[in-house]
Each structure stands twice: as C-alpha cells, then as structure tokens.
Amino acid sequence: MQNAAYWRLRAAATSGRTAGGCVRGTEMKLYGTIALTRFTSVCLLRTHSNMRSPTLFSLIPFLRLAIASADHTWTFVQQGNSGIVPLELITLSPTLALMYDRPYANPLKLPDGESAWAGLWHFDTNTATPLKTVTNTFCAGGAFISNGTLVAVGGQPLDNLAGGGKAGDGTMGIRLFGPCTSKDGTGPGCTVIEDPKTMHLAVTRWYPTALRIPDGSLMVIGGSDILTTFNAADIAQNNIEFFPPRKGEAGKVRPIKFLNDTLPANLFPRSMILPSGHVLMIANNQSMIYDIETNKELQRLPELPNGVRIGVPFDGFAQLLPLSPPLYEPTVLACGGSNKPDTITLEEMSRNDVASTQCQRMTLTPAGIAAGWEVEHMPEPRLMPETVILPTGDVLIINGAHSGYSGYPSVSDAAVTNSNAANPATRGIMYRTSLPHGQRLTQTGIPTSSIPRMYHSAATFTAKGNVMVAASNPHPFVLTPPTNLSFPTEYRVEYLNPDFITHNSPRPVISHSPSKLAFNAQGTITVTIPKSLASGELQVSLMDMGYITHGWHANSRLVFLEHKLKGDQLTITAPPNGNIYPPGPAWIYVTADGVWSEGVQIMIGDGGNPPRPSQGVPAATNCL
C-alpha cells in the first residue's frame with residue numbers, strides 16, 4: 001500500500017471530523033497441590049568507571065517517586081459485561097475503550113443480529129456497543145500513530161466458528177480507528193476503517209508487535225503465518241516492516257537475525273523505543289538493541305538469568321520503567337514466565353508446571369549493561385500477567401496463573417480444565433519502582449478477586465485513575481456458565497480502585513490543560529492541589545497506556561515532566577524529542593503526595609501524519 005492511497009482513504013473516511021553477583025538461597029511454598037521451590041537472591045549492584053555521575057536534579061524524580069510509593073489499599077468493584085472477550089483492550093478517551101476479540105458467538109450483537117467481535121466500552125455507563133469490522137482481529141498488534149489514529153495490524157486467518165461472525169482473513173489486516181472525539185463513540189472517526197484490497201501488510205502476521213517509533217509511524221515486528229504454540233522457521237515472520245511503508249520499502253520486509261535466534265519462543269516480541277531512538281527487543285530469554293536507521297543490531301544483551309523465558313508460550317512481561325530528565329536513563333523490567341527449556345514438547349508440558357517468581361531489571365547504560373540483570377522475586381509465581389504502570393511509576397502486576405503455559409488447550413493434561421494453565425493468580429502484586437532491592441515487590445493493600453483471569457485476559461489504566469480488568473477465555477469457543485469447567489469464557493468487567501477513589505478522598509484536579517504541546521515547549525496546566533496533599537511531593541506524568549493483548553502492553557510508557565507550580569498554575573516542559581516520547585497522543589496525570597488526578601489527553605508533537613520529520617531538540621542521553 002502506498003502512503004498517498006492510505007491518507008486518501010483515511011481522509012475520506014473521517015471527513016467532517018473536528019480536530020552484579022548474587023547470593024542465592026531457596027524457600028518452599030505451596031500453591032494448591034504444587035510445591036514451589038523459590039530461589040531467593042541478594043544481588044550486589046556494581047558501578048562502572050565510565051558511569052555518568054547523577055546530578056542532584058537527576059535524582060529529584062527518584063526521591064519524589066520513593067515518597068510517592070506509599071501503599072494504597074485497593075478494592076475490586078464489578079460493573080457491567082463486555083459482551084465480547086476484550087483480549088485486545090485500548091483506552092481511547094475519558095469515556096471510551098476499544099475492544100477486539102475473535103469472531104465467537106458473543107452475546108454482543110451488530111444491528112443485523114450477527115455476533116460482534118469488536119466493540120466500544122463506555123466508562124460512564126459500563127456498557128458495550130458493537131463495532132463492525134471486516135477482518136479477523138484476533139491476535140493482532142497495534143498502536144497509536146502520530147496523528148492520533150489507532151492502528152491494529154495482523155490477526156487471525158479465516159475462522160468458521162459456530163454462531164460466530166463472518167470475518168475475513170486478518171493476517172495481513174490493517175485497521176484504522178479514530179481519532180474518535182465524541183463522548184458516546186458515534187460520529188466521524190468512531191468506526192473501524194478497513195480495505196484489505198488496497199491497505200494491507202507486506203506479509204501475513206499472527207501475534208505481531210506494533211511499535212510507534214520516533215517519526216510517529218509503526219514498526220511491525222515478527223509474528224507467524226499461522227496459529228501455533230511454538231513458532232518455527234517454516235512459518236515464522238522473522239522480519240519487520242513499517243506502516244506507512246518507508247521510502248523504497250513498500251511491500252518489503254527487513255530480516256532480523258535476532259528473531260531467528262529466539263525461535264521457537266519469539267511471538268509478540270517485547271519491544272520498546274529507547275531515548276537514543278534505538279529499539280530494545282526481548283524474546284524468549286534474549287534481548288538486543290537495534291538501530292532502525294542503519295538496520296543493524298547494535299548489541300546482544302545478557303540472557304535472562306536462571307534459564308527464565310518470557311516469550312510465548314512461557315509468557316512473562318517486559319515493561320520500560322519511567323524515564324526522568326535530564327538523562328532519561330532507561331531501565332527495563334521483566335518478570336514471570338517459565339524456566340522450562342524451549343526444547344520441551346507439548347507431551348512433556350503440564351498445566352501444573354510452576355511458573356517463575358523471578359523479576360529482573362537492567363539499566364541500559366554502558367555501566368548498567370556491564371552490571372547485568374538485577375534479580376529479585378515476586379511473592380508468588382506468575383504466568384500470563386498483565387502489567388499496568390501507574391502515574392507514580394509503580395507497576396501493578398495482575399491476572400494470569402501460577403502454573404502452566406499460554407495457548408489453547410494442547411499440553412498433556414489440558415483436558416482436565418480445558419486450559420493450558422491452572423492455579424489462577426487472583427491477587428495482584430505491586431512493583432514499587434524506586435524502592436531499594438528487596439523492598440520493591442509487595443501485595444500489601446492488594447485484594448483478591450473472585451474471578452479467574454487466565455489466558456486472553458486484559459487490564460488497562462483509565463482516565464479516572466483506576467484499572468479496568470476484563471476478559472478471560474482459554475477455550476477456542478465460547479463456554480459460559482453453567483459449566484463444570486474451571487475457567488469459563490468471562491465477560492464480567494471489574495475495576496480495581498485505589499482507596500482515594502473508593503472513599504472519594506481529595507485528589508488533585510486538572511481544570512485546564514493544553515490540547516497539544518510541541519516537543520521541548522512549555523505549557524500551562526491549571527491544577528488544584530488539596531491542602532491535605534500540598535506538603536507532599538509533586539509529580540507530572542506523561543503516559544501512553546499501551547495496546548494491551550496477551551499480557552503484552554505494547555508502547556506502554558511513562559515520562560516524568562519537568563514542572564514548576566505557582567499558585568494553581570503548573571508550568572510543564574514537554575520531552576525534548578520523539579526519542580523520549582514518540583509523537584502521538586498521551587495522557588497527563590498530576591500526583592501529589594502519592595495521590596493522582598484524573599488524566600487529561602494531550603497530543604505530543606505537531607499531530608501530523610507519519611512519518612514526521614525530526615521535532616524538538618537533541619538531548620544528551622547515556623544509553624545505547
């Protein structure tokens with residue numbers, strides 16, 4: 001597809017729209033009938049002679065973050081039914097989230113009576129409305145691009161499920177949505193735009209990652225031709241492409257050796273933009289840094305310790321931790337997954353194989369890479385977790401299981417529960433980013449849900465400042481109660497509320513903010529800080545909540561902004577360039593003494609169509 005054709009299609013469809021060393025020990029813990037041997041580690045941080053000494057200014061965000069990490073007491077509230085299984089879930093606006101599913105026999109119906117596999121979730125009413133789609137959205141990737149359009153790429157081959165909707169082959173699909181500016185999700189920009197004949201990927205992709213890059217376009221990474229538990233050389237797409245295509249690359253792909261090296265566990269490669277503009281990729285138990293402009297692998301990083309893998313079907317998570325001025329030094333966190341070998345066969349795999357408790361983080365500076373992964377452990381094992389980064393920079397780990405694997409029922413004893421996993425993880429874990437090693441992981445204040453959220457579950461942060469938790473369906477069909485199986489298809493929606501929302505306690509209020517902010521520019525926010533919070537530290541967070549699917553929150557990002565408060569006027573400074581925050585839509589939250597405001601939307605950059613020319617100013621960084 002040529003760029004001009006894409007923009008003509010988009011314009012026609014949206015016309016009229018308004019604008020170190022480790023000391024290890026062991027600890028035994030029981031999970032149901034499973035005995036878990038938990039490795040405990042005390043890791044010593046090493047420094048490097050060429051490590052840049054932090055300035056006092058660079059330490060301020062971390063001092064503030066440590067203060068803001070006070071534990072909240074959270075509460076689950078069940079509200080509404082999604083009507084489809086939102087295994088792809090994206091917060092669009094204060095009132096709307098977009099949901100994609102497989103064309104099952106879902107209870108949410110289109111006007112013609114056909115079962116829907118896409119819909120809008122309305123936060124104000126806790127109800128769902130259907131969206132018409134052309135191709136099969138199941139197992140797609142996606143991201144926002146620089147003009148605010150949400151793009152979903154790839155998906156499922158042709159399905160013919162009893163009672164399900166009639167969806168076309170989605171493996172080369174490109175689906176456009178928005179910007180949808182109406183509160184109720186109607187009007188221009190609030191429909192899914194597809195034209196498979198003129199707008200499609202260069203190759204078929206199932207389980208791809210879509211990453212917004214510094215020019216505001218998408219890099220589409222990896223995937224497979226067909227449904228599979230393990231990827232394999234004869235079906236794998238061990239390559240990348242761009243949307244819109246780069247000059248001279250229309251219909252072409254770039255082979256990536258790293259993806260070949262990480263077979264067979266390289267689906268949904270965990271990828272993120274670094275402040276250098278380079279790309280970090282994590283798959284299986286390996287990671288590397290890639291230069292988009294030179295099409296070269298810059299460095300292969302140390303393997304994840306102790307044989308842990310986080311790629312499909314050993315699903316763990318990876319999350320870029322908050323970036324803070326002036327150096328924006330990136331640290332990546334990866335947790336959960338499995339330490340089973342990637343040569344294991346389905347016959348050797350069991351739903352009771354215990355997942356990993358391991359977390360590891362690495363700062364991607366020369367000194368940080370030399371020091372290697374810093375290891376610590378969650379209080380319980382976790383497979384298929386969702387991760388929600390909060391405005392404080394802390395990370396909520398939620399959903400998933402204590403044992404097993406991802407994927408439809410296929411392991412040796414899956415028939416017992418019609419699931420590859422068992423022992424649902426119904427209580428979340430908080431990772432307190434700025435606290436010292438050994439103090440970061442806690443379940444204090446985190447409640448237990450009565451709803452198992454297994455394979456195909458989702459969770460997203462919302463504008464209101466709480467967490468929407470939804471979905472679960474380990475079956476290749478709809479299976480709702482009454483049933484004797486442990487993990488039915490789940491349509492119930494929950495919200496996980498912090499105590500200040502539960503009790504309607506005072507919190508910061510943003511009453512005015514700019515709708516757009518250029519890179520390195522200043523803007524003014526009108527904010528009210530309650531007297532009870534005024535003596536606490538202040539943070540301003542710029543956030544991308546991510547495109548959530550299969551435990552991977554692609555493009556999830558938080559940048560702390562420089563700011564100055566005078567009266568109720570809060571002056572903020574945008575990130576210096578698109579390497580720090582790729583141009584596109586964002587959310588701003590103000591946190592006072594650990595209590596955050598509701599979020600407001602803002603466009604970072606000029607809001608133009610990708611690819612955008614370089615915007616802002618160069619920034620000194622200390623990462624590859």
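Residues numbered from 1 in each chain as written. Predicted model: local features only at pLDDT ≥ 70, side-chain atom pairs only at ≥ 80, totals over all residues. Heavy atoms only, no water.

A. Just the nonpolar core, in detail. Counting 100 residues, the largest nonpolar core has Leu280, Phe461, Val467, Leu542 and Ile588 as its most contacted members. By residue number, the principal contributor to this core is strand 42 (residues 584–592), which donates 6 residues. Residues within four places of Val467 in sequence aside, it is in contact with Trp74, Val388, Leu396, Ala459, Thr460, Phe461, Glu494, Tyr495 and Leu496. Grouped together as the second largest cluster of nonpolar side chains are 19 residues, Leu110, Ala458, Met468 and Ala471 included. (Core = buried A, V, L, I, M, F, W, Y, C linked by side-chain atoms within 4.5 Å. Buried < 20%, exposed > 50% of the residue type's maximum accessible area, 1.4 Å probe, protein only. Helix = DSSP H or I, 4+ residues; strand = E, 2+ residues; numbered from the N terminus. Contact = heavy atoms within 4.5 Å.)

B. Representation of the pairing of strand 41 (residues 569–573) within the structure. Alignment of strand 35 (residues 522–528) against strand 41, held across 5 bridges, turns out to be antiparallel. For Gln522, the partnering residue across the bridge sits in strand 41 and is Thr573. Bridging between strand 40 (residues 562–566) and strand 41 involves 5 bridges; their strand directions are antiparallel. Looking at the pairing, Lys566 lines up with Gln569 of strand 41. (Pairing = 2+ DSSP bridges.)

C. Here's a closer look at the state of the cysteines. Throughout the structure, instances matching the rule amount to 2 disulfides. One disulfide in the model links Cys180 with Cys190; its S-S distance is 2.0 Å. Of note, the bridge from Cys180 to Cys190 carries an S-S torsion of about 90° and is right-handed in sense. With Cys180 in the loop between strand 10 (174–177) and strand 11 (192–193) and Cys190 in the loop between strand 10 and strand 11, this residue pair connects regions lying 10 residues apart in the sequence. Comparing Cys180 with Cys190 shows no difference in burial state: the two are buried. Paired through a disulfide, Cys335 and Cys359 show a sulfur-sulfur distance of 2.0 Å. The S-S bond linking Cys335 to Cys359 shows a torsion near 115°; that makes this disulfide right-handed. Placement of the pair is Cys335 in strand 21 (residues 331–336) and Cys359 in strand 22 (residues 358–363), with a sequence separation of 24 residues. Judged by its relative accessible area of 0%, Cys359 falls in the buried class. (Disulfide = S-S within 2.5 Å.)

D. The arrangement of the pairing of strand 36 (residues 538–544) in detail. The buried count for strand 36 comes to 7 of 7 residues, which makes it a mostly enclosed element. Burial of strand 36 is two-sided: the residues Leu538, Val540, Leu542 and Asp544 facing one way and the residues Gln539, Ser541 and Met543 facing the other way are all buried. Bridge analysis of strand 36 against strand 42 gives 6 bridges, and the strand direction is antiparallel. Residue pairing across strands places Leu542 opposite Ile588, the latter belonging to strand 42.

E. Geometry of the sheet that holds strand 35. Strand order in the open sheet formed by 4 strands is 33-35-41-40, and the pairing between neighbours is antiparallel. Taken across any chain shown, the strands that pair with only one partner, and hence form the sheet edges, are strand 33 (509–512) and strand 40. With direction set aside, neighbouring strand axes in the sheet form an average angle of 35°. (Axes fitted to C-alpha atoms, helices over the stretch in contact; angles between N-to-C directions.)

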